[in-house]
Amino acid sequence: MWNCRNALRGTVGGNEKNRDAVMGLVFLKFAGDKFEKRRAEIMQEYGDIPAFLEKDSFYRSKNVFYLNDTSRWTYIVKNASADDIAVILDKGMADIEDRNPPLKGALPQNFYATLGTRKEQIKGLIDEINKIDESRFHEKDLIGRVYEYFLQVFAIDAGQGAEKGEFYTPQRISSILSAIVTLDSQEPATGKKKKLNQIYDSACGSGSLLLNVRNPLGPHSIGKIYGQENNITTYNLARMNMLLHGLKDTEFEIYHGDSLLNDWDILKEMNPAKKMQFDAVVANPPFSLRWEPNETLGEDFRFKNYGLTCPH
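The model shown is predicted, which means the values in this text are computed figures rather than measured ones.

**Let's talk about the pairing of strand E2 (residues 222-229)**
Counting buried positions over the eight residues of E2 gives six, a clear majority of the element. Read from strand E1 (residues 196-201) through helix H11 (residues 208-214) to E2, the crossover connection turns out right-handed. Traced from E2 through helix H12 (residues 232-244) to strand E3 (residues 252-256), the parallel crossover comes out right-handed.

**Examining unusual backbone geometry**
Its identity is not glycine, yet Asn63 carries a phi of approximately 60 degrees, on the positive side. With respect to the element layout, Asn63 can be found in the loop between helix H4 (56-60) and helix H5 (73-78). Residue classification places Asn63 among the partly exposed residues on the basis of a relative accessible area of 26%.

**Quick look at the sheet that holds E2**
Strand order in the open sheet formed by four strands is E3-E2-E1-E4, with parallel pairing between adjacent strands. Both outer strands of the open sheet, E3 and strand E4 (280-282), are each paired with one neighbouring strand and no more. Direction aside, neighbouring strands of the sheet carry axes that sit 15 degrees apart on average. When E1 meets E4, the two strands line up parallel, connected through three bridges. From the neighbouring strand, Ile199 faces E4, where its bridge partner is Ala280.

**Description of the packing of aromatic side chains**
Scanning all chains against the criterion turns up 13 aromatic pairs. A centroid spacing of 5.9 Å and a plane angle of 40 degrees characterise the contact between Phe27 and Phe65, whose relative ring orientation is tilted. Remark: Phe65 occurs in the loop between H4 and H5 and Phe27 occurs in helix H2 (residues 14-46); sequence separation between them is 38 residues. For the pair formed by Phe27 and Phe65, the shared burial category is buried. Consider the rings of Phe35 and Tyr59, whose centres lie 5.0 Å apart with planes at 10 degrees: the pair is stacked.

**As for H12**
Taking 1.5 Å of rise per residue, the 13 residues of H12 would be expected to cover 18 Å, and the 18 Å separating its terminal C-alpha atoms lies within 8% of that figure. With twelve of 13 residues buried, H12 lies mostly within the body of the structure. Residues of H12 that are buried: Thr233, Thr234, Tyr235, Asn236, Leu237, Ala238, Arg239, Met240, Asn241, Met242, Leu243 and Leu244. Immediately downstream of H12, the backbone of Gly246 shows phi near 90 degrees, a positive value.

**Comments concerning the pattern of salt bridges**
The final tally for this structure, using the stated rule, is 16 salt bridges. A salt bridge links Glu299 to Lys304, with the shortest nitrogen-to-oxygen separation between them at 3.4 Å. Lys304 carries the same exposure label as Glu299, and that label is exposed. Residues participating in the shared-partner salt-bridge network are Asp56, Arg60 and Arg99.

**Let's talk about the nonpolar core**
Counting 66 residues, the largest nonpolar core has Val22, Leu25 and Phe27 as its most contacted members. For this core, the element with the most residues is H2, which contributes eleven residues.

**A look at the packing of helix H6 (residues 85-99) against helix H8 (residues 119-129)**
It is at 9 Å that the axes of H6 and H8 come closest, and there the two elements cross at 55 degrees. With respect to each other, H6 and H8 are oriented oblique. Between H6 and H8, the residues in contact are Ile85, Ala86 and Leu89 and Lys119, Ile122 and Ile126, respectively.

**A word on the environment of Val26**
Mapped onto the elements, Val26 comes out in helix H2. Separated by 100 residues in sequence, Val26 and Ile126 place their C-alpha atoms 9.0 Å apart.

About the cut-offs
- Residues numbered from 1 in each chain as written.
- Predicted model: local features only at pLDDT ≥ 70, side-chain atom pairs only at ≥ 80, totals over all residues.
- Heavy atoms only, no water.
- Buried < 20%, exposed > 50% of the residue type's maximum accessible area, 1.4 Å probe, protein only.
- Helix = DSSP H or I, 4+ residues; strand = E, 2+ residues; numbered from the N terminus.
- Right-handed = clockwise from strand over helix to strand, strands pointing away.
- Pairing = 2+ DSSP bridges.
- Axes fitted to C-alpha atoms, helices over the stretch in contact; angles between N-to-C directions.
- Phe/Tyr/Trp six-rings, centres within 6.5 Å; stacked < 30°, edge-to-face > 60°.
- Expected span 1.5 Å × (residues − 1).
- Salt bridge = Lys/Arg side-chain N within 4 Å of Asp/Glu carboxyl O.
- Core = buried A, V, L, I, M, F, W, Y, C linked by side-chain atoms within 4.5 Å.
- Parallel < 35°, antiparallel > 145°, perpendicular 65-115°, else oblique.
- Contact = heavy atoms within 4.5 Å.

Here's what the structure looks like:
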């Protein structure tokens, strides 16, 4: 993954676009490997019958995305040296979104705009990512960890600009916060809770903090994960990250919105019987985000009883 970052040095398009391009390839590798494995299982059970091999529900039931021929990782690797590889990647991403509604709008489709004239670099990225082999590792969540590592690399590489750390909570901070909220609040000495019904992050970034709460408890330890993120690119990263970590689209809900200026509608419910309840709320606050309180915000039910110092 570090080699991928080095391969992109000096390219136009900026840090964010380069990051998105690599994230998209990591996702294609992940989705392609899962697809081929599931396809082999279907063939073993039903034989080489299109009616079964092309049935979306046979894949979705196992939390696997269906991929068209030209969206599969094997096809991408085979055509890595093609002159129009950037166009192939953009079309592949669009086809995956069309076939899999939970991914709508989440996948990057900017390979041609960012790296269209640099096919050698695209091939270099594909070759590096193709080296990832889950079967060599005992850890089930290898791809998810590779993905998070690269998020961290870009967070560090962002330097002192406004983007620094915007989409990634440093692992040590995340681990401490996760350890605190998963303890039994009544009897902390008893250790971690076995299950949380719902957790929420009002500034979730890529979702790494939410996932860090879930990981030590196990894959079925949280009823549903909720997150809110203002940056559209980072919002899409969070959705991809959840799916990369094996969550079904029914197990999480990420909302694109500004939790300071215009909070999520589901959180504005005042009826106690319908009000959202969470077992844990975590956040790495967006300290760099500009926010000026005004009289209108002073009427927001979150602040009304406490008051705001409004500029005049």
